[in-house]
Amino acid sequence: MHNFHFIVGSQDLYGGEVLRQVDEHSKIMADGFTQTLPYAVHWTPVVRNSAEIEAAIAAANHDPHCAGIITWMHTFSPSKMWIRGLTRLQKPLLHLNTQFNKAIPWDSIDMDFMNLNQSAHGDREHGYITARLRLPRTVLAGHWQCESLQQRVAQWQRAAVGVAESRKLRVLRISDNMRDVAVTEGDKVQAHIQFGWQVDYYGVGDIVTLVEAVTPDEIAAQMAEYRANYEFATEDIAAIEYQAKMQVALQKFMQDEDFGAFHTNFQDLQQLRQLPGLAAQDLMRQGFGFAGEGDWKTAALCRMMKRMAADLPGGTGFMEDYTYDLERGLNMGAHMLEVCPTFAATKPQIHVAPLGIGDREPPARLTFKAQAGEAILATIVDMGDRFRMIVNDVQCVQQPHDMPKLPVAAVLWKPLPSLETSAEAWILAGGAHHSVLSYGLDAETMRHFAEMLNLEFVHIGAHTSIPALRQELRYNDVIWKG
Ligand code: MN
């Protein structure tokens, strides 16, 4: 379980009684944050000098559960004391400009109170040194108990958890990218350096061997799980059993080898009798990242976003732009099979139907109608000299008509600011046809995540105009020149 270290700065100038009160207040605040935020905030004793600051930051660096640090200057804490520690910081930094008391106690305020409660003063000194050091950081201001501030801290925590997961992620590639496709390619060494992703290739033959080793008992246990979660809408039990067999093999392999995400490639199935459909969908339900056609970047992003959204309602999973309803200004996303069941508004049904592309047996897959609600789409593309993340705010809507002949799940959304402007912006930015859809996460959380990873971030939303976006992309080409 992830946590965050709360590092409160001061100095010896004020005497023991003030420092005792600083500790008393920061303990109350850490406990309060732990109760209301998605992740625990660990109290640490007040830091008074360069050695204590360096030790507190080293402790955060070395704590494998610590996903970031939150600094706050209850009093004034001269910032030269912070240089040694901050230059060694390896985790995301939130500088919280807050205050223990909410209002000024007009009748009792005296110089002792001013000395103790001077974060308006001390946090500016702290801000100078983090700016001077050009540290990647987030600054949030407001009263620590204020709900809107806590929501913003929660967004930052989720982004930091995404970074922590990113730095330990291993992605299972089953086969290579789909032939001739450009956007699913990318620099895996750079992704390893920048994001921490270890992206490892396995031949389909390796997977076939694992699938063939699955026992009848293991298949039966997996079938029982399917029956508990899904409705069987087919007589073709053998087709479902084959998906169960593939799922057991993949799940065991990924758990044993510590993989958090995987991709398939329908062009390269060798002796696999079906493309993993239901199997991929049920693995996504359990939190594994997934993408089709060799798209290791989207598979990895899918895993990150699932972990970032772990405390939030609504689904998160792999998505692909498919077809428009230009009459209603809607985009319909789906995939050939693998739409994540966490999007479902209705109980998913298992169907077996032939697949137009991919020359294997008709695969079993889950179909359902998707939830309505606010969501985001996110993608990462390789621009040659850097990676770029693109996020679009969307409004998912209820499916206006049944689609009796479509044997896959679909999600319909109205992209902001409009279908036309969103599509123009996404395409101008080079956004992929593959993305991750999340009902729980928002663009602000993704912006924090991108900033923590030094990743270019392009946000398409209600504010977007094409001339301004073109300008932004032009500037970014200069800023991000490799
Ligand atoms: Mn695809």
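(A) Main features of the coordination of the manganese ion. The coordination sphere of the manganese ion, as far as protein atoms go, consists of Glu293 (OE), Glu320 (OE), His335 (NE2) and His434 (NE2), spread over 1.9 to 2.2 Å. We note that the donor set of the manganese ion lies within a single chain, spaced as E-x26-E-x14-H-x98-H. Taken together, the residues Glu320 in strand β11 (residues 316-325) and His335 in the loop between β12 (330-334) and β13 (349-352) connect sequence positions 15 residues apart. Taking the relative accessible area as the measure of exposure, Glu320 reaches 8% and is therefore buried. Residue classification places His335 among the buried positions, given a relative accessible area of 2%.

(B) Structural detail: the sheet that holds strand β3 (residues 66-73). Read from one edge to the other, the open sheet built from 5 strands follows the order β2-β1-β3-β4-β5, with strand pairing classed as parallel. Of all strands in the sheet, those with a lone pairing partner are β2 (40-43) and β5 (138-141), marking the two edges. With direction set aside, neighbouring strand axes in the sheet form an average angle of 30°. Across 4 bridges, strand β4 (residues 93-97) lies against β5 in parallel orientation. By the bridge assignment for β5, Leu94 is matched with Thr138.

(C) Highlighting the packing of aromatic side chains. Tallying each qualifying case throughout the model produces 15 aromatic pairs. Taken together, a centroid distance of 5.9 Å and an interplanar angle of 80° make the contact between Phe33 and Trp144 edge-to-face. Remark: Trp144 occurs in the loop between β5 and α6 (147-166) and Phe33 occurs in helix α1 (residues 16-36); sequence separation between them is 111 residues. Plain terms: the ring middles of Phe290 and Phe318 are 5.6 Å apart, the flat faces sit at 80° to each other, and that makes the pair edge-to-face. Of this pair, Phe290 sits in strand β10 (residues 289-291) while Phe318 is found in strand β11, placing the two residues 28 residues apart along the sequence. A network of ring pairs unites the aromatic residues Phe6, Phe33, Trp72, Phe100 and Trp144 as a single cluster. Just above the ring of Trp296 sits the side chain of Lys297; from NZ or CZ to the centre is 5.4 Å.

The rules we used
Residues numbered from 1 in each chain as written. Predicted model: local features only at pLDDT ≥ 70, side-chain atom pairs only at ≥ 80, totals over all residues. Heavy atoms only, no water. Donors = N, O, S within 2.8 Å, 3.2 Å for Na, K, Ca; no water. Helix = DSSP H or I, 4+ residues; strand = E, 2+ residues; numbered from the N terminus. Buried < 20%, exposed > 50% of the residue type's maximum accessible area, 1.4 Å probe, protein only. Pairing = 2+ DSSP bridges. Axes fitted to C-alpha atoms, helices over the stretch in contact; angles between N-to-C directions. Phe/Tyr/Trp six-rings, centres within 6.5 Å; stacked < 30°, edge-to-face > 60°. Lys NZ or Arg CZ within 6 Å of the ring centre and 35° of its normal.

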